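Structural overview
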There are 2 protein chains.
Amino acid sequence: MGPTHDGRALQRLLDELGRLPGIGPKSAQRIAYHLLSADDEEARRLAAAIVDVKEQVHFCPVCFSYATGETCDICADHGRDRSAICVVQEPRDVTAIERTATYHGLYHVLGGVISPMDKIGPDQLHVRELLSRLTSDEVQEVILATNPNVEGETTATYLARTIAPLGVRVTRLASGLPVGGDLEYADEVTLGRAIEARREV
Amino acid sequence: MGPTHDGRALQRLLDELGRLPGIGPKSAQRIAYHLLSADDEEARRLAAAIVDVKEQVHFCPVCFSYATGETCDICADHGRDRSAICVVQEPRDVTAIERTATYHGLYHVLGGVISPMDKIGPDQLHVRELLSRLTSDEVQEVILATNPNVEGETTATYLARTIAPLGVRVTRLASGLPVGGDLEYADEVTLGRAIEARREV
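In short, a report on the structure. (Residues numbered from 1 in each chain as written. Chains lettered and ligands numbered in written order. Predicted model: local features only at pLDDT ≥ 70, side-chain atom pairs only at ≥ 80, totals over all residues. Heavy atoms only, no water.)

1. Thoughts on the overall build of chain A
In terms of helices and strands, chain A carries eight helices and six strands. In sequence order, the secondary structure elements of chain A are arranged as α-α-α-β-β-α-β-α-β-α-β-α-β-α. With respect to the principal axes defined by its C-alpha atoms, chain A has extents near 70 × 45 × 35 Å. Partitioning the contacts of chain A with sequence separation of at least 6, the portion at a separation of at least 24 is 47%. Between the averaged position of the 21 positive side-chain charges in chain A and that of its 30 negative side-chain charges there is a distance of 3 Å. (Helix = DSSP H or I, 4+ residues; strand = E, 2+ residues; numbered from the N terminus. Contact = heavy atoms within 4.5 Å. Lys, Arg positive; Asp, Glu negative; His and termini not counted. Charge placed at Lys NZ, Arg CZ, Asp CG, Glu CD.)

The following block contains the structure:
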């Protein structure tokens, strides 16, 4: 009754919303209710944004970040340092690193991390494409910027071993105390890493 | 960079997704990434489902549940008992009660609950429309089926007081131990209610 009775259109919307990551049946219901209550213009804008993004945005064939042109803006930018490739999990990580304004090299988006539980191995990620970019003499350093958690570390370790024979320098983002953080509140793993990675001052 | 650089289409999609209830910036990113990775057909189906639902589904002008026809299927069904109106918060509550197959009367969807914190009072809900339905001699019982939490109880109490002068019988869904539940694990409020509402056997 209700949704099922009152229109297959609603059931179809609930089904489609339910396919989205992180959207369960309850969230789908809440979103559908919101859209039905919202003015037509808002719903139309969302539908148009979905269609437009598929038409105008795709994955960069070089680094697999988002692109509107043939390649993404960073790959196309001749001002970037082409001797370094920073390897990240998702396109949003590119945005996060760009925001720091401390890195001027290129990127490579894996599209996830190695996760045997989710049946994601190197073949499900853009690893092969990364290795083929390293065959050019231009690249001298690969910076592994996967997340500092179990899966991110596993992926970084795998990549470090795979890249080593190619004679390219492989580095990893530093782990340590967050700037502005309080030693007392740091978890022991982070604090341990900070001690191990201590530097001369 | 990233999203902002690589296409206003992507930023527009993130903005529109961010307007949906329960979707924060991170969820919006995840959904956008999913849609970009998905085949065109899936994204097109979602966009079409949104447009279709707005065209085909609306709120029933009598009970404010979902409707595709002039009124919803339940209001239009002459087999339903027109002497009882069950008052619920959301259209999905109609679905939940219909699933029990124990109620054969009509419904009235409030569209929420009284919540001063969220600036929602009786005027923001379909209370006036409920009262005007009660002026017909047909209705003999109003069953208050708002959720058994603070806001749901407040709303039920308000409605009970407002409806009382109209001479219509007002009932509330029973609170008590869930069927199949274990007394030991029941919270004390539920157990207290179960004791107060004990019945002769």
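So, next bit.
2. Let's talk about the side chain of Glu42(A)
Mapped onto the secondary structure, Glu42(A) falls in helix α3 (residues 40–56). With near-sequence residues (within four places) excluded, Glu42(A) lies in contact with His34(A), Glu16(B) and Arg19(B).

3. Topic: the sheet that holds strand β3 (residues 81–88) of chain B
All names here are of chain B. Strand order in this open sheet of four strands is β4-β3-β5-β6, and the pairing throughout is parallel. Across the chains shown, the open sheet's two edge strands, defined by having one partner strand only, are β4 (105–109) and β6 (169–172). Within the sheet, the average angular offset between the axes of one strand and its neighbour, ignoring direction, is 25°. Across four bridges, β3 lies against strand β5 (residues 141–144) in parallel orientation. Bridged to Ala84 within β5 is Glu141. In this fold helix α5 (residues 91–100) packs onto β3 and β4, with an angle of close to 155° to the strand it touches most, β4. Relative to β6, helix α7 (residues 150–163) is tilted by about 170°, and along the sheet it contacts β3, β5 and β6. (Pairing = 2+ DSSP bridges. Axes fitted to C-alpha atoms, helices over the stretch in contact; angles between N-to-C directions.)

4. Here's the deal with the packing of aromatic side chains
For any pair of aromatic rings, geometry is given as the distance between the ring centres together with the angle between the planes. Counted by the stated rule, this structure contains eight aromatic pairs over all chains. Relative to Tyr33(B), the ring of Phe59(A) lies with its centre 5.6 Å away and its plane at 80°, an arrangement referred to as edge-to-face. Remark: Tyr33(B) occurs in helix α2 (residues 25–37) and Phe59(A) occurs in strand β1 (residues 58–59); the pair is interchain, linking two chains. Note on Phe59(A): relative accessible area 23%, which makes it partly exposed. (Phe/Tyr/Trp six-rings, centres within 6.5 Å; stacked < 30°, edge-to-face > 60°. Buried < 20%, exposed > 50% of the residue type's maximum accessible area, 1.4 Å probe, protein only.)

5. Thoughts on the interface of chain B and chain A
Tallying the contact residues gives 54 residues for chain B and 54 residues for chain A. A buried area of about 5,400 Å², summed over both sides, lies between chain B and chain A, and 67% of it is on carbon and sulfur atoms. Inspection of the chain B/chain A interface yields six salt bridges. In this structure, the connection of chain B to chain A is made through 12 residue pairs in polar contact (both at pLDDT 80 or more). Only α1 (8–18), α2, α3 (40–56), β2 (66–67) and α5 of chain B provide two or more residues apiece to the side of chain B that touches chain A. Looking at the side of chain B that touches chain A element by element, the count peaks at 13 residues for α3(B). Of the residues belonging to the side of chain B that touches chain A, the class tally is 28 nonpolar, 11 polar and 15 charged. (Buried area = accessible area lost by both parts, 1.4 Å probe. Salt bridge = Lys/Arg side-chain N within 4 Å of Asp/Glu carboxyl O. Polar contact = N/O pair within 3.5 Å; in protein donor to acceptor, adjacent residues only side chain to side chain. Nonpolar A, V, L, I, M, F, W, Y, C, P; charged D, E, K, R; others polar.)

6. Remarks on the relation of the copies chain B and chain A
Between the two copies of the chain lies a rotation about an axis combined with a shift along it. Screw-axis analysis of chain B against chain A gives a translation of 0.0 Å along the axis, an RMSD of 0.1 Å, and a rotation angle of 180°. Here the two chains are linked by the operation of a two-fold rotation axis. Taking the C-alpha atom as reference, chain B places Ala47(B) closest to the rotation axis, 2.1 Å from it. (Least-squares fit on C-alpha atoms with pLDDT ≥ 70 in both.)

7. Looking at the pairing of strand β3 (residues 81–88) of chain A
Residue and element names in this part refer to chain A. Sheet analysis places β3 next to strand β4 (residues 105–109), joined by five bridges and oriented parallel. For Asp81, the partnering residue across the bridge sits in β4 and is Gly105. For the crossover from β3 across helix α5 (residues 91–100) to β4, the handedness is right-handed. (Right-handed = clockwise from strand over helix to strand, strands pointing away.)

8. With respect to the environment of Arg82(A)
All names here are of chain A. Within the secondary structure layout, Arg82 lies in strand β3. Classification of Arg82 by relative accessible area gives partly exposed; the value is 23%. Not counting the four nearest positions on each side in its chain, Arg82 is found in contact with Ile74, Cys75, Ala76, Asp77, Leu106, Glu138 and Val139. At a separation of 3.1 Å, a polar atom in the side chain of Arg82 contacts the main-chain carbonyl oxygen of Asp77.

9. Notes on the pattern of salt bridges
Two side chains bearing opposite charge may form a pair once their charged atoms approach each other closely. The final tally for this structure, using the stated rule, is 16 salt bridges over all chains. Glu41(A) is paired through a salt bridge with Arg44(A); the nearest N and O atoms lie 3.0 Å apart. Taken together, the residues Glu41(A) and Arg44(A), both in helix α3 and three residues apart, mark about one turn of the helix. On the basis of relative accessible area, Arg44(A) is assigned to the partly exposed category, the value being 45%. Three or more residues are tied together by salt bridges with common partners; here these are Glu16(A), Arg19(A) and Arg45(B).

10. Digging into unusual backbone geometry
In this model, Lys119(A) sits at a positive phi of 55°, which is unusual for a non-glycine residue. Tracing the backbone through its elements, the reader meets Lys119(A) in the loop between β4 and α6 (127–133). A residue is classified by how much of its surface remains accessible, and Lys119(A), at 73% relative accessible area, is exposed. Even without glycine at this site, Phe64(B) takes up a positive phi of about 70°. Here Phe64(B) lies in the loop between β1 (58–59) and β2. Overall, the relative accessible area of 13% leaves Phe64(B) in the buried class.

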